[in-house]
Amino acid sequence: MTRIPLFGGIELGGTKTVVALGDAQGNLMYQARFDTTEPVSLLAAIAEFITEGTDRYGPINGLGV
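Residues numbered from 1 in each chain as written. Predicted model: local features only at pLDDT ≥ 70, side-chain atom pairs only at ≥ 80, totals over all residues. Heavy atoms only, no water.

## Describing the overall build of the protein chain
So, point 1. On a plain count of helices and strands, the protein chain comes out with one helix and four strands.
So, point 2. Reading the protein chain from its N end, one meets helices and strands in the order β-β-β-α-β.
So, point 3. Once local pairs closer than 6 in sequence are excluded, the contacts in the protein chain between residues at least 24 apart make up 35%.
So, point 4. For the protein chain, the computed accessible surface area is about 4300 Å², with 58% contributed by carbon and sulfur atoms.
So, point 5. Across the protein chain, the centroid of the 4 positively charged side chains sits 6 Å from that of the 7 negatively charged ones. (Helix = DSSP H or I, 4+ residues; strand = E, 2+ residues; numbered from the N terminus. Contact = heavy atoms within 4.5 Å. Areas by Shrake-Rupley, 256 points an atom, 1.4 Å probe, with all protein chains shown as cover. Lys, Arg positive; Asp, Glu negative; His and termini not counted. Charge placed at Lys NZ, Arg CZ, Asp CG, Glu CD.)

## As for a nonpolar patch on the surface
So, point 1. A cluster of nonpolar residues, Leu-12, Leu-63 and Val-65, forms a patch on the protein surface that exposes about 320 Å² of accessible area.
So, point 2. Mapped onto the elements of the fold, Leu-12 is located in strand 1 (residues 6-12).
So, point 3. With a relative accessible area of 49%, Leu-12 lands in the partly exposed category. (Patch = residues over 30% accessible without salt bridge, like charges linked within 9 Å, V, L, I, M, F, W, Y side chains within 5 Å. Salt bridge = Lys/Arg side-chain N within 4 Å of Asp/Glu carboxyl O. Buried < 20%, exposed > 50% of the residue type's maximum accessible area, 1.4 Å probe, protein only.)

## A closer look at the packing of aromatic side chains
So, point 1. In this structure the tally under the stated criterion is two aromatic pairs.
So, point 2. Seen from their ring centres, Tyr-30 and Phe-49 are 4.7 Å apart, and the 10° between their planes marks the pair as stacked. With Tyr-30 in strand 3 (residues 28-35) and Phe-49 in helix 1 (residues 39-57), this residue pair connects regions lying 19 residues apart in the sequence. Across the pair, Phe-49 and Tyr-30 agree in class, each one buried.
So, point 3. With centroids separated by 6.1 Å and ring planes inclined at 55°, the aromatic side chains of Tyr-30 and Tyr-57 adopt a geometry described as tilted. In this pair, Tyr-30 sits in strand 3 while Tyr-57 sits in helix 1, placing the two residues 27 residues apart along the sequence.
So, point 4. Take Tyr-30: its relative accessible area is 14%, and that puts it in the buried class.
So, point 5. By the ring-pair criterion, three or more aromatic residues cluster together here, those being Tyr-30, Phe-49 and Tyr-57. (Phe/Tyr/Trp six-rings, centres within 6.5 Å; stacked < 30°, edge-to-face > 60°.)

## Comments concerning the nonpolar core
So, point 1. In terms of nonpolar packing, the biggest core is built from ten residues, these being Leu-6, Ile-10, Val-19, Leu-21, Tyr-30, Phe-34, Leu-42, Ala-45, Ile-46 and Phe-49.
So, point 2. Here the element with the most residues in this core is helix 1; it accounts for four residues. (Core = buried A, V, L, I, M, F, W, Y, C linked by side-chain atoms within 4.5 Å.)

The structure is reproduced here in structure tokens:
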């Protein structure tokens, strides 16, 4: 069985950050919203989101910021 490619996206805003994983067919698989805080905490939250998402749905083929 061929796996549909999975992609991630990160939208960094002044007050909120939105992260999402979706497939090449346009299906949103997993998403989260975080308050935009200091970089260390925000990057840790994004990394945890990506780890949980790839554990659940498989490896991502690309990531856009």
